[in-house]
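Chain residues, written in single-letter form:
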Amino acid sequence: ALYIIALFVGIFLFFKDKAKEHILWALLLIASFPPLYGQGKNVLGEIPGLFLVIMSAFFIKQIEKNKDSLLNWSLFGLFFGLAVATKPIFILLAPAFLFVIVRTYLSDHHTKLNKFGLLFIF
């Protein structure tokens, strides 16, 4: 249940600039809906992996918004690495994230290569 609630909080963080404050309460209400759990099968990897992917997308969104810090780069790499370790099917998202990283670098050449190194270490 904690991963489902964390997933919805991550979704709220990712879309908070597009949603109003009451979306958090709606998401928490949905998280308490028993059929969402699927008799525990979803918690074996899909829900935690999806939470980790959403959080990595949140941090790459922060990088794109010119909040270009080492912490955002390292947390993006950490969350995406954990998502791939949780469910290897999430490796299919790597080309999309790589495209965003390359586009970020091409639009701002001031991004230092040590940030990319830190990203790939995590």
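Just above, that's the structure.
Residues numbered from 1 in each chain as written. Predicted model: local features only at pLDDT ≥ 70, side-chain atom pairs only at ≥ 80, totals over all residues. Heavy atoms only, no water.

Some remarks on helix H6 (residues 113-121)
The test is simple: Burial classes: relative accessible area under 20% of the type maximum marks a residue as buried, over 50% as exposed, and values in between as partly exposed (1.4 Å probe, protein chains only). Here a helix means four or more residues in a row that DSSP labels H or I, a strand means two or more in a row labelled E, and each is numbered from the N terminus. The reported arc concerns the directions from the helix axis to the C-beta atoms and nothing else. Residue contacts follow a heavy-atom distance rule, with two residues in contact if any of their heavy atoms lie within 4.5 Å.
Considered for burial, the residues of H6 that qualify are Lys115, Phe116 and Leu119. Seen end-on, H6 carries its buried residues on one side only, within an arc spanning 100°. Residues of H6 that are exposed and angled more than 90 degrees away from the buried face: Leu113 and Ile121. Next to the buried residues of H6 lie helix H4 (70-86) and helix H5 (94-107).

Some thoughts on the side chain of Gln62
Inspection of the secondary structure puts Gln62 in helix H3 (residues 46-64). In this structure, Gln62 is in contact with Lys67 and Asn72, ignoring residues within four places of it in sequence.

Notes on the packing of H4 against H5
As a reminder, the rule being used: To define axes, lines are fitted to C-alpha atoms, for helices over the stretch in contact only, and angles between the resulting N-to-C directions are given on a 0 to 180 degree scale. Oblique is the label for every angle not falling under 35 degrees (roughly parallel), over 145 degrees (roughly antiparallel), or within 65 to 115 degrees (roughly perpendicular). Amino acid classes used here: Ala, Val, Leu, Ile, Met, Phe, Trp, Tyr, Cys and Pro are nonpolar; Asp, Glu, Lys and Arg are charged; the rest, including Gly, are polar.
Packing of H4 against H5 leaves a shortest axis separation of 13 Å and a crossing angle of 170°. On the basis of their axis angle, the class for H4 and H5 is roughly antiparallel. Across the interface between the two elements, Trp73, Phe76 and Phe80 from H4 touch Ala94, Phe97 and Ile101 from H5. The residue inventory of the contact of H4 with H5, partitioned by class, reads 6 nonpolar, no polar and no charged.

Comments concerning a nonpolar patch on the surface
To keep things clear, this is the line we draw: Surface patches are drawn from residues lacking salt bridges whose relative accessible area is over 30%; two like charges belong together within 9 Å, two nonpolar side chains (Val, Leu, Ile, Met, Phe, Trp, Tyr) within 5 Å. Using a 1.4 Å probe, accessible areas were evaluated by the Shrake-Rupley method; residue-level cover was limited to the displayed protein chains. Counted as salt bridges are all cases of a side-chain nitrogen of Lys or Arg within 4 Å of a carboxyl oxygen of Asp or Glu.
A surface patch of nonpolar side chains, amounting to about 380 Å² of accessible area, comprises Leu78, Leu82, Ile121 and Phe122. Relative to the assigned elements, Phe122 resides in the segment after H6. We classify Phe122 as partly exposed; its relative accessible area is 43%.

Remarks on H5
Heads up, the rule is: Here the expected length of a helix is defined as 1.5 Å per residue gap, with one fewer gap than residues.
Here H5 contains 14 residues, and its C-alpha end-to-end distance of 20 Å stays within 8% of the 20 Å for a straight helix at 1.5 Å per residue. If you check which residues of H5 are buried, you get Phe97, Val100, Ile101 and Thr104. All buried residues of H5 project into a common sector of 100° when viewed along the axis, lining one side. Turned more than 90 degrees away from the buried face of H5 sit Pro95, Phe99 and Leu106, all of them exposed. At its buried positions, H5 is contacted by H3, H4 and H6.

It is worth stressing that arrangement in space is one thing and function is another; only the former is reported here.
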